[in-house]
Amino acid sequence: MNSGDTIVAPATPLGFSGLAVVRVSGPGAFKFAEIATHKKSLKNRFATLVTFYNKKGEKVDRVVITRFVAPASYSGEDMVEISSHGNPTIVDAIVSTFCSHGARIADPGEFTYRAFINGKMDLIQAEGVAALIKSKTIESVKEQQKIISGSLSKLINKLRSKLVDLVSFLEYQMDISEEDLSAKDKKNVPKKISALHKEVLALSNTFVRGKMLNLGVTAVITGPPNVGKSSLLNALCGENRAIVSSEPGTTRDIVKSEMVLGGVPFVFLDTAGIRVAKSAIEQEGVTRAKKLKEKADLVISVSDNPKAQISKSGSQPHIFVVNKSDLHSKKPNKAIIHISCKNKTGLEVLLLEIKSALKIGPISSDVSLLSTPRQSAAINACAKSLERAQNVCKTVGLELELVSFELRSGINALDVLLGKTTPEDIINNIFNNLCVGK
């Protein structure tokens, strides 16, 4: 499939560097490249050193150009990549020259969109490209590379094939076979549905870890004023990010710090002390602190009183910390972690508890993780369809039409996930989140 027009865009960030890359894709890519380089014999998949000229015939730069003949290219179209010196003026001149010959500036994610349209990748792999570019840890990079290579897509297509085989069998029994379903088949069909349901649920459960790697974890540090919340933030990140003072209400706005723990990117948020505010500004800080606490992936409640009551609200993991352990004796309570931000004691225990609370551990190289809310929603929709099919078998028996209908719903959910029947607005949203040039 060909889009009909030719697009061009820088594939490297704007700025000064040793090298920069410009991509061109579409039916005019080779023609425009030949005009700009005065070369008509560029070899396929071979890097060639040439002089690049603008429309006036003026020399722009000495560049390395590589030609990719469709469909063996990233986009699945005829495509060229130009490596020039990384001066923004040179890059702009190269892009402008291609535009003067008839190309247009690519939209965000349009190269990857064309790869999707031309069957070079499915929607899951396209999401992997976007996530790879934004990855903050090497663990996330490795996971997204697996997704781009097709490991998750293969797993989902395998599940889809099993569903299609089962639906095909049921519809053959309904429409063609003149024999009643055997007693053996009446037992085997529910067993197969149950086994598929377990496989889909197992995949659904990977989203917790995949989301942490892809989107990171937000951990809110909360508690009364003057218990050491800001000191804890500073101790965790190893620098003085938050102002520390003995005056209550010092922290009014949200102070954040980022770090990596167990391969997962964390954002720790220091919030205003929870109390009856004495000013409108402090009240706004308290209100924001409460809202962040509700949305956080992890809550760290800090106190300086060993006898303080432990109370948890919300469904997210909650860790209770007593600071200033150098000033009081520890109480035998496994639910509380004693630390001293001043002496920097107990922090390693706290970090281990954070990893334990969120179940952060080594990632198996054989396991593919769901990493976006869209993927999770589609797999959950498939799981619910299989659950309904199971309920039909349990309540009214193996009613072929009803069971087949639910299994078809499961197939449709997987088709949406792979991009076979996905609404256009969802597709556009996915590719618009990619950068120009990708």
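Small disclaimer: the values here were computed from a predicted structure and weren't measured. In this convention, every chain numbers its residues from 1, walking through the sequence in written order. Local features are withheld for residues below a pLDDT of 70 in this predicted model, meaning they are given only at 70 or higher, and side-chain atom pairs are given and counted only at 80 or more; totals for whole chains, interfaces and linings count all residues. Water and hydrogen atoms were dropped before computing side-chain values, which therefore reflect all heavy atoms in the structure.

Colleague: I tried to follow the overall build of the protein on my own but got confused; where do I start?
Modeller: Here a helix means four or more residues in a row that DSSP labels H or I, a strand means two or more in a row labelled E, and each is numbered from the N terminus. Along the protein, the regular secondary structure elements total 14 helices and 12 strands. By residue count, 47% of the 438 residues in the protein fall in the buried class. In what follows, residue pairs with any heavy atoms lying within 4.5 Å of each other are defined as contacts. For the protein, contacts bridging at least 24 residues in sequence account for 62% of all contacts bridging at least 6. Within the structure as shown, the protein displays about 22,400 Å² of accessible surface, and the carbon and sulfur contribution to it stands at 53%. The buried label goes to any residue with under 20% of its type's maximum accessible area, the exposed label to any with over 50%, and the partly exposed label to all in between, with areas taken from a 1.4 Å probe on protein chains only. Every accessible area reported is derived by Shrake-Rupley at a probe size of 1.4 Å, with residue values counting cover from the shown protein chains alone.

Colleague: Would you mind showing me how to read the pairing of strand β4 (residues 59-68) here?
Modeller: On any regular strand, side chains alternate: one points to one face of the sheet, the next to the other face. For β4, the tally of buried residues reaches 7 of 10 residues, placing the bulk of the element in the interior. Paired strands, in this sense, are two strands between which DSSP finds at least two bridges. Here strand β3 (residues 48-53) pairs with β4 via 6 bridges, running antiparallel. Bridged to Phe 52 within β4 is Asp 61. Here β3 folds back onto β4 in antiparallel fashion, the turn holding 5 residues, of which Gly 57 has a positive phi close to 85°. Sheet topology places β4 next to strand β5 (residues 79-86); 5 bridges connect them, and they run antiparallel. Following the sheet pairing, Ile 65 is matched in β5 by Ile 82.

Colleague: Would you explain the side chain of Thr 37 in this entry?
Modeller: Following the sequence through the fold, Thr 37 ends up in helix α1 (residues 29-37). On the basis of relative accessible area, Thr 37 is assigned to the buried category, the value being 3%.

Colleague: Even after reading the chapter, I still don't get the sheet that holds strand β7 (residues 217-222), so can you show me in this structure?
Modeller: Spatially, β8-β9-β7-β10-β11-β12 is the arrangement adopted by the 6 strands of the open sheet, whose pairing is mixed. Every other strand in the sheet has two partners, leaving β8 (255-261) and β12 (336-338) as the edge strands with one partner each. On average, each strand axis in the sheet is inclined to that of its neighbour by 25°, with strand direction left out of account. Axis definition: a line fitted to C-alpha atoms, over the contacting stretch in the case of helices. Angles run 0 to 180 degrees between N-to-C directions. Strands in contact with helix α8 (residues 207-215) are β7 and β9 (264-270); relative to β9, the strand with the most contacts, it is inclined by about 75°.

Colleague: Sorry if this is basic, but what is going on with the packing of aromatic side chains here?
Modeller: Geometrically, a pair of aromatic rings is defined through the distance of the ring centres and the angle of the planes. Here is the rule: rings of Phe, Tyr and Trp (six-membered ring for Trp) pair when centre to centre is within 6.5 Å. Planes less than 30 degrees apart are stacked, more than 60 are edge-to-face, and the remainder are tilted. Scanning all chains against the criterion turns up 4 aromatic pairs. Aromatic pair Phe 52 and Phe 98: ring centres 5.7 Å apart, planes at 45°, arrangement tilted. Remark: Phe 98 occurs in helix α2 (residues 88-101) and Phe 52 occurs in strand β3; sequence separation between them is 46 residues. The buried category is assigned to Phe 52, whose relative accessible area is 0%. Ring geometry for Phe 116 against Phe 431: centres 5.7 Å apart, planes inclined by 40°, an arrangement best described as tilted. Of this pair, Phe 116 sits in helix α3 (residues 110-117) while Phe 431 sits in helix α14 (residues 424-432); the two residues are 315 residues apart in sequence, bridging distant segments of the chain. Taking relative accessible area as the criterion, Phe 431 reaches 3% and is therefore assigned buried. By way of ring pairs, the aromatic residues Tyr 113, Phe 116 and Phe 431 are connected into one cluster. Two conditions define a charge located above a ring, namely a distance within 6 Å from the ring centre to NZ of Lys or CZ of Arg, and an angle within 35 degrees of the ring normal. Directly above the aromatic system of Tyr 74 lies the positively charged group of Arg 23, at a separation of 4.7 Å from the ring centroid. Its guanidinium or amino end placed over the ring of Phe 46, Lys 43 lies 5.1 Å from that ring's centre, counting from NZ or CZ.

Colleague: In this structure, what is going on with the layout of surface pockets? I would like to understand it.
Modeller: If you roll a probe as big as a water molecule over the atoms, it shows you where there is empty space left. The space that makes up the largest pocket amounts to roughly 560 Å³. Cavities and pockets were defined on a 1 Å grid built from protein atoms only: a cavity is a group of points that admits a 1.4 Å probe but offers it no way out, a pocket is an open group of points flanked by protein on both sides within 12 Å along at least five of seven lines, and a lining residue is one with an atom within 4 Å of any such point. Around the largest pocket sit 26 residues that line it, and Ala 130, Ala 131, Lys 134, Asn 214 and Leu 215 are the ones nearest its centre. Of all the elements in the fold, those that place two or more residues in the lining of the largest pocket are α4 (123-134), α8, β7, β8, β9, α12 (373-395) and α14. Residue composition of the lining of the largest pocket, by class: 13 nonpolar, 7 polar and 6 charged. Grid points are joined across faces, edges and corners, and a volume is the space filled by probe spheres set on the points. Residues are grouped as follows: Ala, Val, Leu, Ile, Met, Phe, Trp, Tyr, Cys and Pro are nonpolar; Asp, Glu, Lys and Arg are charged; every other residue, Gly included, is polar.

Colleague: What am I meant to see in α4 here?
Modeller: Counting along an α-helix, one turn takes 3.6 residues, and residues three or four places apart therefore face a common direction. Each residue after the first adds 1.5 Å to the expected span of a helix. Across its 12 residues, α4 extends 17 Å between first and last C-alpha, which sits within 8% of the 16 Å expected from 1.5 Å per residue. When you tally the buried positions in α4, you get 9 out of 12 residues, the bulk of the element. Taken as a whole, α4 has its buried residues at Leu 123, Ile 124, Gln 125, Ala 126, Glu 127, Gly 128, Val 129, Ala 130 and Ala 131. What qualifies as a polar contact is a pair of N or O atoms within 3.5 Å, subject to a donor-acceptor requirement within protein and to the restriction that residues adjacent in sequence count only when both atoms come from side chains. Residue Asp 122 occupies the N-cap position of α4, its side-chain oxygen lying 3.0 Å from the main-chain nitrogen of Ile 124.

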